[in-house]
Amino acid sequence: MMLHKRQEPRAASAEIHEDVSRDAIADAFRKAMIGHLRSHMPGTNINEHTLLASDYLNQFRELVMLLDALAADPANFAADLHRWQPLDYEEHFARSELRDKDLAVAAYRRAPENVRDRFDSAVARLQSEALRLVASVGNALDKKSDLKLVCDGAASRLRILIDNANAIANGYVTDEMGRNGNASNQITIDTLFRLRKA
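Here the structure is a predicted model, which means the values were calculated and not measured.

Draft legend 1. Broad picture of the packing of aromatic side chains. All chains considered together, the criterion is met by 7 aromatic pairs. With 4.1 Å between their ring centres and 15° between their planes, Y89 and Y108 make a pair best called stacked. With a gap of 19 residues between them, Y89 in helix α4 (residues 89-95) and Y108 in helix α5 (residues 101-109) connect regions that are remote in the sequence. As far as burial versus exposure is concerned, Y89 and Y108 are alike and both buried. A centroid spacing of 6.0 Å and a plane angle of 85° characterise the contact between Y89 and F119, whose relative ring orientation is edge-to-face. Placement of Y89 in helix α4 and of F119 in helix α6 (residues 113-143) is noted, with a sequence separation of 30 residues between them. Each member of the pair, Y89 as well as F119, carries the same accessibility label: buried.

Set out below in structure tokens:
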């Protein structure tokens, strides 16, 4: 009677080779997630290309309206001005009553890095300038100086920065424009500021 030698499992040296790298799998998963998010975007205010919602900028648009109201009726709107504080993107939508607020946050987190970086830079400047202008208008209120002139100037500056951030959120700033650098954007904004002052 012949005994067959039992075959042992192949040694660990016979490695299993994966045809797809982990990076490729992660990239495919990310693209699938973005595709899934985009399928929910029609009918919302989220841009399907940038994955950003310009609704975030409403808080700054409301500040512009507040400045217009303040110039006409400081007694009733001064307290609102002193309370005003900017919210970051995710906090804004967390507090929002918008139906698509969760989708807006999820999309923002997966926005193309170059677009999101430009948008975040524009928003950082907008927040900083808004706080500076709120303080400046507050000083004008205290000193009883020409409030309308100060409010009009502040509102004009804010509109320029809002328009800049809005253009990025809605895809009007192309990748080519982005590669030319923020310097060109800065020149445009500074030129508009000077024109508004004239």
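Draft legend 2. Region of the structure containing the environment of L52. When you line up the elements, L52 lands in the loop between α1 (22-39) and α2 (58-72). Placed 118 residues apart in sequence, L52 and N170 show a C-alpha to C-alpha distance of 7.3 Å.

Draft legend 3. Inspection of the nonpolar core at higher detail. L81, F119 and L158 are the most contacted members of the largest nonpolar core, which has 46 residues in total. Sorting the residues of this core by element identifies α2, α3 (74-83), α4, α5, α6 and α7 (147-169) as the ones contributing at least two each.

Draft legend 4. Just the confidence of the model for the protein, in detail. Looking at the protein, pLDDT values average 79 and 66% of them are 70 or higher. Here helix α9 (residues 182-197) is the element of the protein with the lowest mean pLDDT, 47, and α2 is the one with the highest, 96. pLDDT under 50 marks residues 176-181. Its contacts with residues more than four places away, or in other chains, come to 3 contacts. In this model residues 194-198 is a low-confidence stretch, pLDDT under 50, and it forms 3 contacts with partners more than four residues away in sequence or in other chains.

Rules of the game
- Residues numbered from 1 in each chain as written.
- Predicted model: local features only at pLDDT ≥ 70, side-chain atom pairs only at ≥ 80, totals over all residues.
- Heavy atoms only, no water.
- Phe/Tyr/Trp six-rings, centres within 6.5 Å; stacked < 30°, edge-to-face > 60°.
- Helix = DSSP H or I, 4+ residues; strand = E, 2+ residues; numbered from the N terminus.
- Buried < 20%, exposed > 50% of the residue type's maximum accessible area, 1.4 Å probe, protein only.
- Core = buried A, V, L, I, M, F, W, Y, C linked by side-chain atoms within 4.5 Å.
- pLDDT = per-residue confidence, 0-100.
- Contact = heavy atoms within 4.5 Å.

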